[in-house]
Amino acid sequence: CLEVPNTHGEDVIVVAVDINTHVGEVIKYYLLQTIMNFAKYALAAALCAASSTAFITPKNARVSRYNAGQQVPSRVMAATLDTPTTEADAGPSVMRPPIDFVWSDVASQLVEKFGYSQAEVDMYDGEVDNNKDNLIKIYKALQLARGFENACNQQYMQGKIRGFMHLDNGQEAIPGLVDYAIKNGDKKYSYYREHTHAIASGVDPGAVMAELFMKETGTCKGAGGSMHIFDKSTYFQGGWALVSEQLPYAAGAAKSILIDRALGVSDNENFEKQDVAPPADDDRISIVFVGEGGAQNGRTAELLNSAAKDNLPLLLLVIDNGRAINTYTSDVATNGSVFDQGKHYGVPGLQVDGYDAADVAKGGKAVIDYVRSGKGPAILQVHTYRFNGHSPADPEHERGRKDEKAWARAEQDPIKKFEDKYTANGVFTEDELKEFKKEVLAEVKAAVKFADESDMPPVELAKELEYPDAPDTDYNLKPAPAFADAVNARTISPEQMETVQAHIAGLREKAIAGDISIGDAINLAIHEEMLRDPTTTIHAEDLQAGSSYDIPKLTQQTYGKTRAADEIIDEGHFIGKALGEGMNGYRPIVELMNTNFGIFGMAEISSAGNTYATTGGQFDMPMTIVGAGGTAPNQALGAEHSQPFHAYVMGIPGLKICTAASPDAAYGITKSMIRDNGPCFLFAPVKMMKEAKGTLDLDVCAPLNKSALLHEASAESVAAGNAVTVLTYLHGVKEAQMVIDEIQEEGFDIDLIELRSLKPLDMDSIRKSLERTNKVAILDESTKSGGIGATVSARISEECFDLLDAPVKRLCMDDAPVPYASTMEVAVVKRGSDLVQGVFDLATGQY
């Protein structure tokens, strides 16, 4: 595709051809036209491998500013070479062109989209071009980024860095901007290509390199690796490996800034909340990095909606290298102009050219200052090229990738552009720049030496990083924040306090009378803990209305929208926001209307479980997820609402998972989970949320690692060998309790143990019962394959085999989806009658 130059002296713009066929004719035609009409122009042509390629314009040629993802206009197509094409030849063959912005292109956007005056735009220009110190700062950041990544590549090839590694060469304008305009207190969220973002944020290069070397002196003690760089002291909060997962986390971090201001609290030297208000000129922001391929993820729309709705101090920085992994982004995405996607939300965007690092710094700082000023979120898209493949192990078979990479190194190097620009205008001499580069490379060399000489972490560290709080923690002993009363007094009006205290008093009266439901018990625990600790927040759908079971009832009316957030209908989004708050000193509660809706948040739940360990113990994750779920007999909710989500999350490391089939269990466990410094998940039985009533052990936190013996088999049945240990949870508790009399009438009895702690599993209680009964049945509310019962059965067989007189009896859901019709459902979901038969079989040896 050729945009033909005219006879008035315009430069060649873009030439790109498919050379599968007619190579000779195409080249002959083009050379003849060039010689005849444009003899004064030199043509640089590169013929590449036979799939497709591009003739690229000379470096100083004028280039049409087509956005990545746009189709080539028909005017250009009309000027294509007159060579025959076939259906097989159709399709994109034009390599993504550079945009070749000059400062005026950036300045005009700042005026039009961000409301800056020309004088203000000129100020941003002058702060860079007329300030040699700032130019030195930017140049050193460029060289440090390039030098560090080159060193990483060398060490990877030598086998000192292992696993996946993703290099940033060619995209140095981004760390140049970060070093120039981002402050230490800003919250930074990046993705797996984050080495240079971390270093530009102030993270020690030696610690970053040591992390890549798996050393204990690394940023995360060797637990994170290349894709998971975290540093608490600089608020560099990842390094996240699942594409785009960092977007809602950054929104949560931005929300934490607003909560700080609303509550009048700030971080002390240990990064814990103190009763000291942020300064009056607090201008912290949250910045999140994402590739333009990753920005096609639906999380981007959710982020823009949330950021606009709450006026979050958030910058979405889109690194637009034209490649989604290695695939040409335009092959898989229609709209590459991510900077324009905020229009529907009132979020302005700026596009800059990553080839000119100085202009990126100027325009980028203007956008950052817009966010700092409190005007709301913004988007900055940096058009750039990545010089390396997705990772060193990448075969790079995608269309045009190798050719583009070679061309970009020669024609789109931001460091060379900076050097040429500022030596040509006399700001620097070549010797000055060489000296700066030498200084930076010495720092890189020192980082490699430090990493090489550091020790590997001890093997014991892995288990130490499983949970922030030990499983046997007594949560009753945890002190409340000293500033609770002061914060409550200035954030909750007397009228609000009177209302919520009356609500609490009413629930406590119900608890004493034995008339409180599971939903109300959880609601009571939440209010007590939110008043006890003002850093506690809550997120839910239908929150204002109390959701389905009154779990978040009266929270927003008492604590306001900042602490009690009504959320869009996407659990992944608000679980992600809760994660971001949890990393920044808050204790978020997430209420799921139905726990199966958490399927939308599996990535975020998984990362919550991993965070404490992956960050080397730097970041606690005090998140509590609570909701109604499970599968009761005759539930009549169909397959999607009847999934065993409790089994799905069992394999996520770092989670504490509990169940509660009574108001008392729900109350005590909820209070403990909110006080725990790690992620916890409480499942309550969906069909018992309102019908199960009881008393509460008020003001007492329950353990998160213990089961409960609800019924003990008689000594006579044990002596006769007619006792069976029954392990169950959720609706299985009710089913088992309803058939105890029937079991006893048959001459048998059971130790009924409620598995209130699924993970960690209370093997001590199970073992103690088996020492009496020597037989066990598991009434399991999950599937035969991969279910809770499978895990419990395996543990019993491995750890208590010598106590068993019979095989473990699993009474679990069938692997088939749960039907709606009760006539079919009975074949899938187990119930009390199945337990009666199971106990009979075990006690009589029929197995």
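Residues numbered from 1 in each chain as written. Predicted model: local features only at pLDDT ≥ 70, side-chain atom pairs only at ≥ 80, totals over all residues. Heavy atoms only, no water.

Undergrad: For the pattern of salt bridges, give the residues involved together with the corresponding values.
TA: Under the counting rule described, the total for this entry stands at 50 salt bridges. Of the charged contacts, one joins D320 and R96 as a salt bridge, the two residues approaching to 3.2 Å between their closest N and O atoms. On the criterion of sequence distance, the pair formed by D320 in strand β7 (residues 314-320) and R96 in the loop between α2 (74-77) and α3 (103-114) is long-range, its members being 224 residues apart. R96 matches D320 in its accessibility class, with the two residues each being buried. We note a salt bridge from D260 to K273, for which the minimum N-O separation is 2.9 Å. On the criterion of sequence distance, the pair formed by D260 in helix α9 (residues 246-263) and K273 in strand β5 (residues 273-274) is long-range, its members being 13 residues apart. (Salt bridge = Lys/Arg side-chain N within 4 Å of Asp/Glu carboxyl O. Helix = DSSP H or I, 4+ residues; strand = E, 2+ residues; numbered from the N terminus. Buried < 20%, exposed > 50% of the residue type's maximum accessible area, 1.4 Å probe, protein only.)

Undergrad: A description of helix α18 (residues 518-532) should follow, citing residues and the corresponding values.
TA: End to end, α18 covers 21 Å across 15 residues, agreeing with the expected 21 Å (1.5 Å per residue, within 8%). Sitting at the amino-terminal end of α18 is S517, which places a side-chain oxygen 3.1 Å from the backbone nitrogen of D520. (Expected span 1.5 Å × (residues − 1). Polar contact = N/O pair within 3.5 Å; in protein donor to acceptor, adjacent residues only side chain to side chain.)

Undergrad: Any chance you could break down the environment of Y586 for me, citing the residues and the numbers?
TA: On the secondary structure map, Y586 appears in the loop between α20 (571-582) and β15 (587-592). Here Y586 falls in the buried class, since its relative accessible area comes to 0%. The spatial distance from the C-alpha of Y586 to the C-alpha of D260 is 9.6 Å, given a sequence separation of 326 residues. Setting aside anything within four residues of it in sequence, one finds Y586 in contact with S256, I259, D260, L263, V265, K273, T535, T537, E581 and P622. Within polar-contact distance, the side chain of Y586 engages the side chain of D260 at 2.5 Å. (Contact = heavy atoms within 4.5 Å.)

Undergrad: Let's hear about the environment of A207: which residues, and what values?
TA: Summarising the element assignment, A207 is placed in helix α8 (residues 205-212). Taking the C-alpha atoms as reference points, A207 and T217, 10 residues apart in sequence, are found 6.1 Å from one another. Every residue in contact with A207, bar those within four places of it in the chain, is listed here: T217, G218, T219 and F450.

Undergrad: Can you break down the confidence of the model for the chain residue by residue, with the values?
TA: Of the residues in the chain, 89% reach a pLDDT of 70 or more, and the chain-wide mean stands at 89. Low pLDDT, under 50, characterises residues 1-94; the predicted model gives this stretch 135 contacts beyond four residues in sequence or across chains. (pLDDT = per-residue confidence, 0-100.)

Undergrad: Explain the packing of aromatic side chains to me, using residue names and the numbers behind them.
TA: Evaluated as defined, the whole model comprises 18 aromatic pairs. Both rings, one in F230 and one in W240, keep their centres 5.2 Å apart while their planes meet at 85°; by these two values the pair is edge-to-face. On the criterion of sequence distance, the pair formed by F230 in strand β2 (residues 230-231) and W240 in the loop between β3 (236-237) and α9 is long-range, its members being 10 residues apart. Taken together, the aromatic side chains of Y139, F418, Y422, F428 and F436 make up a single cluster linked through ring pairs. (Phe/Tyr/Trp six-rings, centres within 6.5 Å; stacked < 30°, edge-to-face > 60°.)

Undergrad: Can you explain unusual backbone geometry? Please cite residues and give values.
TA: The peptide bond linking G238 to G239 adopts the cis configuration, its omega dihedral lying at 10°. Residue P760 is bonded to the preceding K759 through a cis peptide linkage, with omega at 5°. Turning to its location among the elements, P760 is positioned in the loop between β23 (757-759) and α27 (763-773). In the Ramachandran plot, Y235 falls in the positive-phi region, its phi being about 55° despite a non-glycine side chain. On the secondary structure map, Y235 appears in the loop between β2 and β3. Within the chain, D699 stands out as a residue other than glycine whose phi angle is a positive 65°. Here D699 lies in the loop between β19 (693-694) and β20 (708-711).

Undergrad: Explain the packing of α8 against helix α14 (residues 430-453) to me, using residue names and the numbers behind them.
TA: Where α8 meets α14, the axes come as close as 8 Å, and the angle between the chain directions of the two elements is 45°. The orientation of α8 with respect to α14, classified from their angle, is oblique. α8 and α14 meet at a crossing whose hand is right-handed. Seen from α8, the contacting residues are P205, G206, A207, M209 and A210; seen from α14, they are E443, A447, V448, F450 and A451. (Axes fitted to C-alpha atoms, helices over the stretch in contact; angles between N-to-C directions. Parallel < 35°, antiparallel > 145°, perpendicular 65-115°, else oblique. Left-handed = near helix turned anticlockwise from the far one by under 90°.)

Undergrad: Quick rundown of α27? Include the residues and the values.
TA: Among the residues of α27, those classed as buried are M763, I766, S769, L770 and T773. Buried residues in α27, looked at end-on, bunch into an arc of 130°, giving them a common side. Turned more than 90 degrees off the buried face of α27, the exposed positions are D764, K768 and E771. Looking at the buried positions of α27, the neighbouring elements they touch are β21 (723-728), β22 (749-754), β24 (776-783) and α28 (788-799). Just beyond α27, the residue with positive phi is N774, at close to 65°. (Arc of directions from axis to C-beta.)

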